[in-house]
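Below, each chain spelled out in residue letters.
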Amino acid sequence: MNKFLLVLVFFWTILLNSQYLEPRRVAKLKASVVRVMYKNIPIGSGFFISKDGFVVTCNHVIKPFLKRVPKPSNLNLYFLDNVFIQLSSGEKLEVGGLEYLLDKGYEDSFKNDYFILKTKELPPNSVEALKLGSWSDVKEGDVVYASGHPFGIEHNSMSTGIISSKFADKRWYKLPLKDTIRHRRESAFIDVTINRGNSGGPLIKKGRKPKHDRVIGIVSFMATPLSPELKQLKVLYQSESKKLPKNQVSNIKTIGLILKELENNSFGIGGAISIDYLSAILKSGNL
């Protein structure tokens, strides 16, 4: 009997730390992870954190579609228009931005690459909200899994792996209408398949049981071996394209498109940012 229990525990441990995701986990991801869209164009991923319509994504996913409110005005600095989320059922719901993050809280959202959307009508009852954990709950080597819509595909994609490295990402940020600042952001490299379109999806620590799973990060970036070279090529491309007459720019534009595709679709290491920045906003009562 004792041998049987030892064997059972052994195989259960392997199963827990394998790439296998039980049907309950898969079903919950399908009910909580969404495709973020501008009109009919996929722009990223997101996930529900409440059944009444609050959805998390990355700031850089929706930033190109934020519109500034003309000043003087008593309204927010920005507003969103024609942005939608698509559920796994195919249903589309229009969303707006959390008012606090469209105004006073935008700087924090920009620096830490998170954003909160709100559906303009209540989502269906079939939607499930993911539970948030803490960045301190996860350590290097822990098993995690992610979900999203890579390359804008309609069907939800899932992948599993481990936390490869946790670190403080120190970089310079040019804030809108403000000076450049240096900011320290808690991040991690992850051994999980990540591609363009995954940004905004959840990074979840795999618990002992599905009910113990918690979102500990937001999929946010990818580091590629081509990045330094591509930056140099970008500078060269931008410089040379300005020198040529308009009727000779077509080849340069083609090179620019190739550079963009290489940067977006290169093999590399996936990255996520800490969920704690989002949690701080939720705890502050600014919803």
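Rules used in this analysis
- Residues numbered from 1 in each chain as written.
- Predicted model: local features only at pLDDT ≥ 70, side-chain atom pairs only at ≥ 80, totals over all residues.
- Heavy atoms only, no water.
- Helix = DSSP H or I, 4+ residues; strand = E, 2+ residues; numbered from the N terminus.
- Buried < 20%, exposed > 50% of the residue type's maximum accessible area, 1.4 Å probe, protein only.
- Contact = heavy atoms within 4.5 Å.
- Areas by Shrake-Rupley, 256 points an atom, 1.4 Å probe, with all protein chains shown as cover.
- Salt bridge = Lys/Arg side-chain N within 4 Å of Asp/Glu carboxyl O.
- Pairing = 2+ DSSP bridges.
- Axes fitted to C-alpha atoms, helices over the stretch in contact; angles between N-to-C directions.
- Core = buried A, V, L, I, M, F, W, Y, C linked by side-chain atoms within 4.5 Å.
- 1 Å grid on protein atoms, 1.4 Å probe; cavity = no way out; pocket = protein on both sides within 12 Å on 5 of 7 lines; lining within 4 Å.
- Points joined across faces, edges and corners; volume = space filled by probe spheres on them.
- Nonpolar A, V, L, I, M, F, W, Y, C, P; charged D, E, K, R; others polar.

## Regarding the overall build of the protein
Regarding its fold elements, the protein presents seven helices and 14 strands. Taken across its 287 residues, the protein has 44% of its residues classed as buried. Considering only residue pairs separated by 6 or more positions, the protein has 68% of its internal contacts joining residues 24 or more positions apart. A total accessible area of about 15,700 Å² is found for the protein, and carbon and sulfur atoms account for 57% of it.

## Let's talk about the pattern of salt bridges
What the rule picks out here adds up to ten salt bridges. We note a salt bridge from Glu186 to Arg184, for which the minimum N-O separation is 2.7 Å. Each of Glu22, Arg25 and Asp213 takes part in a single network of salt bridges with overlapping partners.

## Here's the deal with the sheet that holds strand E8 (residues 115–119)
Pairing in this closed barrel of six strands is antiparallel, and the strands run E1-E2-E3-E8-E7-E6 around the ring. Along the sheet, successive strands turn relative to each other by an average axial angle of 45°, direction set aside. Docked against the sheet, helix H2 (residues 23–32) engages strand E1 (33–38) and strand E2 (41–48), running at close to 25° with respect to E1.

## Quick look at the nonpolar core
With 47 residues, the main nonpolar core has Phe47, Leu80, Ile85, Leu117 and Ile218 as its most contacted residues. In terms of residues, this core owes the most to one element, E1, which gives four residues. Leu117 has contacts with Val36, Gly53, Phe54, Val55, Thr57, Ile62, Leu80, Ile85, Val95 and Gly96, leaving out every residue within four places of it along the chain. Ranked by size, the runner-up nonpolar core spans 13 residues in total, among them Val138, Val192, Ile216 and Val219.

## Regarding the sheet that holds strand E12 (residues 202–205)
The antiparallel closed barrel is built from six strands, whose spatial order is E9-E10-E11-E14-E13-E12. Adjacent strand axes in the sheet meet at a mean angle of 50° when their direction is disregarded. One ladder, built from six bridges, connects strand E13 (residues 214–223) with strand E14 (residues 269–274); its direction is antiparallel. Its bridge partner lying in E14, Met222 is registered against Gly270.

## Brief notes about the layout of surface pockets
If you add up the space inside the second largest pocket, you get close to 180 Å³. Within the residue set of the lining of the second largest pocket, elements represented by two or more residues are H2 and E13. The greatest single-element share of the lining of the second largest pocket, amounting to four residues, is contributed by H2. Tallied by class, the residues present in the lining of the second largest pocket amount to six nonpolar, no polar and seven charged.

## Observations regarding helix H7 (residues 276–283)
Listed as buried for H7 are Tyr277, Leu278, Ser279 and Ile281. Elements that come into contact with the buried residues of H7 comprise strand E3 (54–57), helix H4 (106–112), E8, strand E11 (180–190) and E14. Residue Gly285 follows H7 closely and has a positive phi angle near 80°.

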